[in-house]
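Geometric and topological summary
What follows is each chain in one-letter form.
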Amino acid sequence: MILPKTSSAAEKTKTGQFSYCLNTSTISGQKVGFLKEFEITAKAGYDGIEIWIRDLQKYIDEGGSLKDLKKYTDDLGLKIENAIGFAEWIVDDDVKRKAGIEQLKKEMDLLAQIGCKRIAAPPAGKYNEPIADWFEVAERYLKILEIGDSTGVTPQLEFWGASTSLFHISQALFIATAANHPKACILPDVYHMFRGGSGYHSLKQISGSAIEIFHFNDFVADIPREKQTDSDRVYPGDGAAPFRQIITDLHNSGGNKVLSLELFNKSYWEKDAMEVAKTGFSKMKKLVDEAVSSATH
């Protein structure tokens, strides 16, 4: 019997520009286990998975093999699109920054072995410390980009909306452009753009290559912006974010985009992990299909 051909993740990306990814934070509260999260992600329909360094390290510490993990992921038809880590590459303290950069290099080396080509680079260690010299921070970002050149894993500059250092998309873009490196890129997030007051019209100014992954989630309208937290995030389309505008601008910017569902909603953690993963996937795809259809007609 000849089975019908299914579209691969690469084909979906090529034809639809957008591919779909699950950040495992979304189902982390169910504590199903590291490898089970991969299985759920694949069965729910996603093209890729976004993991956390702490979970990968735990897997290794418990005797897990990176070679086996790569094969397991390949067999599931998943791409490990990105990893979330908190190396302190941005801090002012020279000793801490050196240690943070060494940590980041080790993490990149691990990720390269499992086929992951990206890692988040947020302002870890400088959450509540304003940035005094933006050009200096750009130099620090350039340094880890150059480490990325040698490892094959690109650090994506992530901004956190509730921080007092790197909280606005314009700040991230300044650092990325001042770094003057061909792979400099930013990692935006619907919630963080709202929480930090970025708004979304800036997406019209950003070329496709500057954004490879976009964290998808939504914010509620009944909690003041300054009081919203990560756990208040809801499924895309269930809140107040202007997704038609966001998706249209991302589509028009060109380049392929990985849309990664990243939630920390405790009420979702009380539900079946597969149900949550499938619900998130269907809601993201519906929003994208509607926006792209509208933009192309």
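Worth saying up front: this structure is predicted, and the values here are computed from it rather than measured.

Brief notes about the packing of helix α3 (residues 53-61) against helix α4 (residues 66-76)
It is the contact of α3 with α4, at a shortest axis distance of 10 Å, that shows an interaxial angle of 120°. Accordingly, the angle class assigned to the pair α3 and α4 is oblique. Counted together, Leu 56, Tyr 59 and Ile 60 of α3 and Leu 66, Asp 68 and Leu 69 of α4 form the full contact between these two elements. By residue class, the composition of the contact of α3 with α4 is five nonpolar, no polar and one charged.

Some points on the confidence of the model for the protein chain
Parts of the model with low pLDDT should not have their predicted coordinates read in detail. Scored by pLDDT, the protein chain has a mean of 94; 94% of the residues are at 70 or more. Long-range and interchain partners of residues 1-15, a stretch whose pLDDT sits below 50, account for 11 contacts in this model, where long-range means more than four residues apart.

Some thoughts on the sheet that holds strand β5 (residues 154-158)
Read across the sheet, three strands follow the order β4-β5-β6 without closing on themselves; strand pairing throughout is parallel. The open sheet has two edge strands with one neighbour each: β4 (118-121) and β6 (186-187). Pairing analysis gives two bridges linking β5 to β6, with the strands arranged parallel. Counterpart to Glu 158 in the pairing with β6 is Leu 187.

Concerning the state of the cysteines
Scanning the model with the defined rule gives zero disulfides in all. Free cysteine Cys 21: the closest other cysteine sulfur is in Cys 116, separated by 9.3 Å. Looking at Cys 116, the relative accessible area reads 1%, which means it is buried.

Quick word on the side chain of Arg 233
Along the chain, Arg 233 falls in the loop between β7 (213-216) and α9 (243-253). A polar side-chain atom of Arg 233 sits 3.2 Å from a polar atom in the side chain of His 192. Beyond its immediate sequence surroundings of up to four residues, Arg 233 is in contact with Asp 189, Tyr 191, His 192, Asn 217, Asp 218, Glu 262, Leu 263, Phe 264, Asn 265 and Tyr 268.

Cut-offs and rules
Residues numbered from 1 in each chain as written. Predicted model: local features only at pLDDT ≥ 70, side-chain atom pairs only at ≥ 80, totals over all residues. Heavy atoms only, no water. Axes fitted to C-alpha atoms, helices over the stretch in contact; angles between N-to-C directions. Helix = DSSP H or I, 4+ residues; strand = E, 2+ residues; numbered from the N terminus. Parallel < 35°, antiparallel > 145°, perpendicular 65-115°, else oblique. Contact = heavy atoms within 4.5 Å. Nonpolar A, V, L, I, M, F, W, Y, C, P; charged D, E, K, R; others polar. pLDDT = per-residue confidence, 0-100. Pairing = 2+ DSSP bridges. Disulfide = S-S within 2.5 Å. Buried < 20%, exposed > 50% of the residue type's maximum accessible area, 1.4 Å probe, protein only. Polar contact = N/O pair within 3.5 Å; in protein donor to acceptor, adjacent residues only side chain to side chain.

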